[in-house]
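The residues making up each chain are set out below.
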Amino acid sequence: MTTVYDCSVPDERADGLSAAASAVRAGRSVVLPTDTVYGIGCDAFSRGAVTSLLAAKRRGPDMPVGVLVGSWATIDGLVLSVPHEARVLVEAFWPGDLSIVLPHAPSLQWDLGDTGQTVMLRMPLHPVAIELLREVGPMAVSSANRSGNPPAASAQEAVAQFGEDIPVYLDGGPSGAAVPSTIVSLVGPRPVVLREGAVSLAAVAEALGTEVPLAH
């Protein structure tokens, strides 16, 4: 059974977050609002859950899933090391529309797709998302849409695409402009912007105090 919870109503928000947390712990996917578009998310450490998420989106592991976290400190346990540039970007832009790609910790037993031993991390600026992430831990989250369709900008648009495939939808109101996050890779010898989105290339360069190229 599918349930949509109106998170603008305090009791529904509490019930929805509880239902979403239970679903995630059971290996199911849920739809949640973020500060960009709506996302479909699951337990980042459950291989089966991530496989089911990709199946719901109708896409393969060649398009890996990023990970959302609920606090700055969470990244320390997820990556091989946290370079100075990562700390600077986290302090400047988190929570917010900046994703950071880093080599992940080799001890982690997860399968997010064909990531090349890296992970893309972001802390979203949305209270409902933050509350869920702090309850269940890091979540593998992708935009809430079937492959080839536009990302859902509301819970209703997500329901129209996924229907009964998703048990819990957290309705946080319309997401606004569908502007993706900016992605910065810190995998190589110098920072590189893989995708310029809500955070400008100039803002990234200013925070780091150096020119940052845009990948072609």
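Residues numbered from 1 in each chain as written. Predicted model: local features only at pLDDT ≥ 70, side-chain atom pairs only at ≥ 80, totals over all residues. Heavy atoms only, no water.

Peer 1: How do you make sense of the overall build of the protein when you look at a structure like this?
Peer 2: Check the secondary structure of the protein and you find 6 helices and 10 strands. Here the C-alpha atoms of the protein give a radius of gyration of 16 Å, agreeing with the 17 Å that 2.2 N^0.38 yields for 216 residues. C-alpha atoms of the protein, sized along the principal axes, occupy 50 × 35 × 30 Å. Across the protein, every contact between residues at least 6 apart in sequence was considered, and the portion connecting residues at least 24 apart equals 61%. (Helix = DSSP H or I, 4+ residues; strand = E, 2+ residues; numbered from the N terminus. Rg over C-alpha atoms; globule rule 2.2 N^0.38 Å. Contact = heavy atoms within 4.5 Å.)

Peer 1: Is there a simple way to think about the sheet that holds strand β5 (residues 98-103) in this case?
Peer 2: Strand pairing within a sheet occurs via backbone hydrogen bonds; the two strands may be parallel or antiparallel. Read from one edge to the other, the open sheet built from 10 strands follows the order β1-β8-β2-β3-β7-β4-β6-β5-β9-β10, with strand pairing classed as mixed. Of all strands in the sheet, those with a lone pairing partner are β1 (3-6) and β10 (192-195), marking the two edges. Shown here is a sheet whose adjacent strand axes are inclined to one another by a mean of 30°, direction ignored. Relative to strand β7 (residues 139-143), strand β3 (residues 39-43) runs antiparallel, the two sharing 5 bridges. Bridge pairing in β7 links Ile40 to Ser142. Along the sheet face, helix α3 (residues 84-93) touches β5 and β9 (182-185) and points at about 160° away from the line of β5. (Pairing = 2+ DSSP bridges. Axes fitted to C-alpha atoms, helices over the stretch in contact; angles between N-to-C directions.)

Peer 1: Which parts of the structure should I look at to understand the layout of surface pockets?
Peer 2: Over the atoms rolls a probe the size of a water molecule, and its path tells where empty space is left. By volume, the largest pocket amounts to about 710 Å³. If you trace the largest pocket, you find 30 residues lining it, with Met120, Val141, Ser142, Ser181 and Arg195 closest to the centre. Elements with a minimum of two residues in the lining of the largest pocket: β4 (66-68), β5, β6 (118-122), β7 and β10. Residue contributions to the lining of the largest pocket peak at 5 residues, all from β6. (1 Å grid on protein atoms, 1.4 Å probe; cavity = no way out; pocket = protein on both sides within 12 Å on 5 of 7 lines; lining within 4 Å. Points joined across faces, edges and corners; volume = space filled by probe spheres on them.)

Peer 1: Just to check I follow, could you spell out the nonpolar core for this structure?
Peer 2: If you look at the biggest cluster of nonpolar residues, it comprises 50 residues, and the most contacted ones within it are Leu89, Trp94, Leu98, Leu121 and Val204. Where this core is concerned, the elements lending two or more residues are β3, α2 (47-57), α3, β5, β6, α5 (155-162) and α6 (201-208). Residue contacts for Trp94: discarding those within four places in its chain leaves Val69, Trp72, Ile75, Leu89, Ile100, Leu121, Arg122 and Met123. (Core = buried A, V, L, I, M, F, W, Y, C linked by side-chain atoms within 4.5 Å. Buried < 20%, exposed > 50% of the residue type's maximum accessible area, 1.4 Å probe, protein only.)

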